[in-house]
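Geometric and topological summary
For reference, the chains in residue letters:
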Amino acid sequence: MRIGLMIGSDKERTRADRLSGLLDDGKAAESDGFASFWIPQVPGYLDALTAVALLGAVTERIEIGTAVVPIQTRHPLIMAQQALTTQVACAGRFTLGVGPSHHWIIADQLGLDYERPARVVRDYLEVLGAAFAGPGEVAVVNDTYRVNSPVDVTDAYEVPVLVAALGPAMLRTAGQHTGGTILWMADERAIGDYVVPRITEAAKSAGRSGIRVVAGVPVALCAARDIDAARAYAGEVLGHADFSPNYVRLLEHGDAEDVGDTMAAGDEATILARLRRYRDAGVTDLAARVVPLGADADQRRTSRRRTQEFVASLVSELS
């Protein structure tokens, strides 16, 4: 299992410091020995793809990925142009994570259609696949898109694609047409008993191998007496499942009731034991989302650094 970091919106930084701080985070992740660095597209916050391109210029080794960019906000051909350009900026270290997002973002916040998202994802990936096949004309007609346009960005790099796949149809699409899936709010049982068998079967039916299962997992290094508080805090800062029916349905396949229940929290031995269970469930890439604890900003910075250093120390242990 490869070990990476997943970051979120850091509201403790001033707006003037957020982009430079994110670049510092990426450089620190590379210095600490992490294999990957994952950036979500958070509503109203820094643009993930722009940040990835900038990170490509200040890092040398680490994989940089989006986890994830909603497809409805960018036409697939425009997404392909941006992704290919970003791949050039990253010298081949970029992985594009996409997904259909959730109704409360796409419909309620943006006023866009959220009907039949699984079909839209399938049609979207068809356009992306054609655009990523190499320079030339992209001609795709399906139920959602009619595309007839050139792409001429680079012939040096491919763009790996992962999909946020939570339901059966999405897992089938991810397995058949992409490099794998990016998960959030999935515990060990949901991954081992539900996600991995379905995406693996779909990939096999399409003659594909090497499927990745990237799991975003909150992590907090803390005393045993603080574990319950850490789980409750994770629920507050990372969002509750009941906002998104897609997550509720995924949670039903495991033992967790909310994001806090998927968390690796406690002392070093407790965290290591839980991360091993994720590995044994079939996770190929852990994206650790460090949850800093403390009464003030200084305490939370110290907590973040302690947790990140410990997770970094597990890279060889969990590989």
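Structural data are supplied above this passage.
All of these numbers come straight from a predicted model, not from anything done at the bench.

Reading the values: the criteria
- Residues numbered from 1 in each chain as written.
- Predicted model: local features only at pLDDT ≥ 70, side-chain atom pairs only at ≥ 80, totals over all residues.
- Heavy atoms only, no water.
- Axes fitted to C-alpha atoms, helices over the stretch in contact; angles between N-to-C directions.
- Helix = DSSP H or I, 4+ residues; strand = E, 2+ residues; numbered from the N terminus.
- Parallel < 35°, antiparallel > 145°, perpendicular 65-115°, else oblique.
- Left-handed = near helix turned anticlockwise from the far one by under 90°.
- Contact = heavy atoms within 4.5 Å.
- Phe/Tyr/Trp six-rings, centres within 6.5 Å; stacked < 30°, edge-to-face > 60°.
- Buried < 20%, exposed > 50% of the residue type's maximum accessible area, 1.4 Å probe, protein only.
- Pairing = 2+ DSSP bridges.
- Salt bridge = Lys/Arg side-chain N within 4 Å of Asp/Glu carboxyl O.
- Right-handed = clockwise from strand over helix to strand, strands pointing away.

**As for the packing of helix α2 (residues 48-58) against helix α3 (residues 76-89)**
Axis separation between α2 and α3 bottoms out at 8 Å; the angle between their running directions is 20°. With respect to α3, the element α2 is oriented roughly parallel. Crossing hand, α2 versus α3: left-handed. Across the interface between the two elements, L49, T50, V52, A53, G56 and A57 of α2 pack against M79, Q82, T86 and A89 of α3.

**Thoughts on the packing of aromatic side chains**
Evaluation of the coordinates by the stated rule reveals one aromatic pair. Taking 6.0 Å as the distance between ring centres and 75° as the angle between the ring planes, the aromatic pair formed by Y124 and Y145 counts as edge-to-face. Highlighted residues: Y124 in helix α5 (residues 117-131) and Y145 in the loop between β6 (136-141) and β7 (146-151), separated in sequence by 21 residues. Given a relative accessible area of 1%, Y124 falls into the buried group.

**Some details on the pairing of strand β3 (residues 63-66)**
Burial along β3 is two-sided: E63 and G65 and I64 and T66, pointing in opposite directions, are all buried. Bridge analysis of strand β2 (residues 36-39) against β3 gives four bridges, and the strand direction is parallel. From the neighbouring strand, F37 faces β3, where its bridge partner is I64. By the bridge criterion, two bridges tie β3 to strand β5 (residues 94-99) in an arrangement that is parallel. If you follow I64 over to β5, its bridge partner there is F94.

**Thoughts on the pattern of salt bridges**
By the definition in use, this model includes 19 salt bridges. A salt bridge links D47 to R74; the nearest nitrogen and oxygen atoms lie 2.6 Å apart. A residue pair is termed long-range when its members are at least 10 positions apart, and D47 in the loop between β2 and α2 and R74 in the loop between β4 (69-70) and α3 qualify at 27 residues. Assessed through its relative accessible area of 23%, D47 is described here as partly exposed. A residue is classified by how much of its surface remains accessible, and R74, at 14% relative accessible area, is buried. As a salt-bridge pair, D280 and R279 come within 3.2 Å of each other at their nearest N and O atoms. Accessibility expressed as a relative area gives 58% for D280, which makes it exposed. Assessed through its relative accessible area of 26%, R279 is described here as partly exposed.

**Here we look at unusual backbone geometry**
Residue V68 is bonded to the preceding A67 through a cis peptide linkage, with omega at 0°. Relative to the elements of secondary structure, V68 occurs in the loop between β3 and β4. In this model, S101 sits at a positive phi of 60°, which is unusual for a non-glycine residue. Within the secondary structure, S101 sits in the loop between β5 and α4 (103-106).

**A few points about the pairing of strand β10 (residues 212-221)**
Counting buried positions over the 10 residues of β10 gives 10, a clear majority of the element. Burial along β10 is two-sided: R212, V214, G216, P218 and A220 facing one way and V213, A215, V217, V219 and L221 facing the other are all buried. Two strands pair when backbone bridges link them, and strand β9 (residues 180-184) and β10 are joined in this way by five bridges, in the parallel orientation. Bridge assignment links G180 to a residue of β10, and that residue is R212. As for the winding sense of the linkage, the β-α-β connection from β9 through helix α7 (residues 188-205) to β10 is right-handed. As judged from the six bridges shared by β10 and strand β12 (residues 285-290), these two strands associate in the parallel manner. Bridging from a neighbouring strand, P218 pairs with R289 of β12. By the bridge criterion, three bridges tie β10 to strand β11 (residues 264-266) in an arrangement that is parallel. Residue pairing in the sheet places L221 in a bridge with G266 of β11.

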